[in-house]
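Understanding the architecture of this molecule
Spelled out from the first residue to the last, the chains are:
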Amino acid sequence: IIALCSMFLIILFLNIMVGGGVFRSPWHIGCGSFEFWGVHVIMAFFLLASAWAAQTYLMAQHEIKQLVLFDYVHGDIQWDKRAGIVYPLIFGAAG
């Protein structure tokens, strides 16, 4: 939960620093400027890196559960290699 909250706060901070609407940017970033797009690219890379880290963590947990013969409850997602790719794509497409 700490990682998720940290990720939210970082994205919130960057969005506030970009400004928009009636709120001027504390960093004096103009809409459509190089800096504006640079911050948005940084946010996109940060989100992709966070998603990769979460996927890696879930797949490592799945490996450990396989080693100890963990008994899954009906409906649990088993985060194997296929699920680690398919589910994030579905969630991303859903918005």
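Residues numbered from 1 in each chain as written. Predicted model: local features only at pLDDT ≥ 70, side-chain atom pairs only at ≥ 80, totals over all residues. Heavy atoms only, no water.

1. What about the overall build of the protein chain?
How we decide: Strands here are runs of E lasting at least two residues and helices are runs of H or I lasting at least four, both read from the DSSP assignment and numbered beginning at the N terminus. Computation of the radius of gyration draws on C-alpha atoms, with the globule rule given as 2.2 Å multiplied by the number of residues to the power 0.38. Here, residues are in contact when the closest pair of their heavy atoms is within 4.5 Å. Each accessible area is a Shrake-Rupley result for a 1.4 Å probe, and residues are judged covered by the shown protein chains and nothing else. As used throughout, the charge tally considers Lys and Arg to be positive and Asp and Glu to be negative, leaving His and the chain termini uncounted. A charged residue contributes its charge at one atom only: NZ of Lys, CZ of Arg, CG of Asp or CD of Glu.
Secondary structure summary: the protein chain contains three helices and zero strands in total. In the protein chain, the succession of α and β elements from N to C terminus is α-α-α. Taken over C-alpha atoms, the radius of gyration comes to 18 Å for the protein chain, far larger than the 12 Å a tight globule of 95 residues would show. Viewed in the frame of its principal axes, the protein chain has a C-alpha envelope of about 55 × 25 × 20 Å. Long-range contacts, defined as pairs at least 24 residues apart, comprise 30% of the intrachain contacts of the protein chain with a sequence gap of at least 6. Split by element, the accessible area of the protein chain, about 7700 Å² in all, is 73% carbon and sulfur. The distance from the centre of the 4 positive side-chain charges to the centre of the 5 negative ones in the protein chain is 8 Å.

2. Quick word on the packing of aromatic side chains
What counts, and what does not: The criterion for an aromatic pair is that two Phe, Tyr or Trp rings (for Trp, the six-membered ring) have centres within 6.5 Å, with stacked assigned to planes under 30 degrees apart, edge-to-face to planes over 60 apart and tilted to the rest. Only protein chains enter the accessibility calculation, which uses a 1.4 Å probe. A residue is then buried if its area is under 20% of the maximum for its type, exposed if over 50%, and partly exposed in between. Charge-over-ring contacts are defined here by two conditions on Lys NZ or Arg CZ: a distance within 6 Å of the ring centre and an angle within 35 degrees of the ring normal.
Following the criterion strictly, the structure yields five aromatic pairs and no others. Ring centres of Phe 13 and Trp 27 lie 5.8 Å apart, and the angle between their planes is 75 degrees; this geometry places the pair in the edge-to-face category. Placement of the pair is Phe 13 in helix 1 (residues 2-18) and Trp 27 in the loop between helix 1 and helix 2 (34-67), with a sequence separation of 14 residues. Residue class for Phe 13 comes out partly exposed when judged on its relative accessible area of 42%. Aromatic pair Phe 70 and Tyr 72: ring centres 5.1 Å apart, planes at 80 degrees, arrangement edge-to-face. Here a set of aromatic residues connected by ring pairs shows up, and it is made of Trp 79, Tyr 87 and Phe 91. The ring centre of Phe 70 lies 4.8 Å from the NZ or CZ of Lys 65, which sits over that ring.

3. Describing the environment of Cys 31
Mapping Cys 31 onto the fold places it in the loop between helix 1 and helix 2. The spatial distance from the C-alpha of Cys 31 to the C-alpha of Gly 20 is 7.5 Å, given a sequence separation of 11 residues.

4. A short note on unusual backbone geometry
Outside of glycine, negative phi angles account for most residues, and trans bonds account for most peptide bonds. For His 28, which is not glycine, the phi torsion reads 55 degrees and is therefore positive. In this structure, His 28 sits in the loop between helix 1 and helix 2. Phi is positive for Leu 69, close to 55 degrees, though the residue is something other than glycine. Along the chain, Leu 69 falls in the loop between helix 2 and helix 3 (81-94). Residue Leu 69 is classed as exposed on the basis of its relative accessible area of 75%.

5. Overview of the environment of Trp 79
Looking at where Trp 79 falls in the secondary structure, it is placed in the loop between helix 2 and helix 3. Overall, the relative accessible area of 19% leaves Trp 79 in the buried class. The spatial distance from the C-alpha of Trp 79 to the C-alpha of Ala 60 is 8.7 Å, given a sequence separation of 19 residues. Apart from residues lying up to four places away in sequence, Trp 79 is in contact with Leu 58, Met 59, His 62, Gly 84, Tyr 87 and Pro 88.

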